[in-house]
Amino acid sequence: MTVRIVNRVLWLIALSIALCVCCSSWSEDMAILAVVFILSLSAIATYSRFNRSTATVNLMIWIGYNALLGYCLFYKSDYGTSLMWLCYMICLNIFQTIILSCIIIAKLIKQHFRR
């Protein structure tokens, strides 16, 4: 029971980070970041069908680096470094999405051939 509560709290934190980062100053860059956030969170949600505990760890990692990079994006963006933080954020989210997608596809293929 407590694992489900922790999991839901983590999802609420992740969604609030995504909303705070994307809705603070809306531009084309933030639209790209919002799409990457949606892809990354949907990959984590899909992976939770296979292994809930690993998906929770992935969600905690996602929250960790996006909270840190979001803070740096808004409060440490002197002399054009906000583009650097934005690129780091997009690249890490795409990297995590690609890895999770490959794992999901491998698990689906393994389940298909197991039958």
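From a predicted model like this one, the values you see are computed outputs, not experimental measurements.

(A) Focus on helix H4 (residues 81–114). The end-to-end C-alpha separation of H4 is 49 Å, in line with the 50 Å expected for 34 residues at 1.5 Å each. Every buried residue of H4 is listed here: Trp85, Leu86, Met89, Ile90, Asn93, Gln96, Thr97, Leu100 and Ile104. Where H4 is buried, its residues meet helix H1 (2–23), helix H2 (28–47) and helix H3 (52–75).

(B) View of a nonpolar patch on the surface. The grouping of Ile5, Val9 and Ile13 at the surface amounts to a nonpolar patch, some 240 Å² of accessible area in total. Looking at where isoleucine 5 falls in the secondary structure, it is placed in helix H1.

(C) Summary view of the packing of aromatic side chains. For the structure on display, the rule yields 3 aromatic pairs. Residues phenylalanine 37 and tryptophan 62 carry aromatic rings whose centres are separated by 5.2 Å and whose planes lie at 70° to one another, so their mutual orientation is edge-to-face. On the criterion of sequence distance, the pair formed by phenylalanine 37 in helix H2 and tryptophan 62 in helix H3 is long-range, its members being 25 residues apart. In this structure, phenylalanine 37 and tryptophan 62 share a single accessibility class: buried. On the numbers, 6.0 Å between centres and 70° between planes, the contact of tryptophan 85 with tyrosine 88 is edge-to-face. Here tyrosine 88 and tryptophan 85 lie together in helix H4, a separation of 3 residues that amounts to about one turn. Residue classification places tyrosine 88 among the partly exposed positions, given a relative accessible area of 43%.

(D) Representation of the nonpolar core within the structure. Residues Leu33, Phe37 and Trp62 are the most contacted members of the largest nonpolar core, which totals 29 residues. The set of elements that each furnish at least two residues to this core consists of H1, H2, H3 and H4. Here this core takes 9 residues from H2, the largest share from any one element. With residues up to four places along the chain from it excluded, the contact list for tryptophan 62 reads Ala14, Ala18, Phe37, Ser40, Leu41, Ile44, Asn93 and Gln96.

(E) Expanded view of the side chain of threonine 56. Among the secondary structure elements, threonine 56 is positioned in helix H3. If sequence neighbours within four positions are ignored, threonine 56 has contacts with Asn7 and Leu10.

Rules of the game
Residues numbered from 1 in each chain as written. Predicted model: local features only at pLDDT ≥ 70, side-chain atom pairs only at ≥ 80, totals over all residues. Heavy atoms only, no water. Helix = DSSP H or I, 4+ residues; strand = E, 2+ residues; numbered from the N terminus. Expected span 1.5 Å × (residues − 1). Buried < 20%, exposed > 50% of the residue type's maximum accessible area, 1.4 Å probe, protein only. Contact = heavy atoms within 4.5 Å. Patch = residues over 30% accessible without salt bridge, like charges linked within 9 Å, V, L, I, M, F, W, Y side chains within 5 Å. Areas by Shrake-Rupley, 256 points an atom, 1.4 Å probe, with all protein chains shown as cover. Salt bridge = Lys/Arg side-chain N within 4 Å of Asp/Glu carboxyl O. Phe/Tyr/Trp six-rings, centres within 6.5 Å; stacked < 30°, edge-to-face > 60°. Core = buried A, V, L, I, M, F, W, Y, C linked by side-chain atoms within 4.5 Å.

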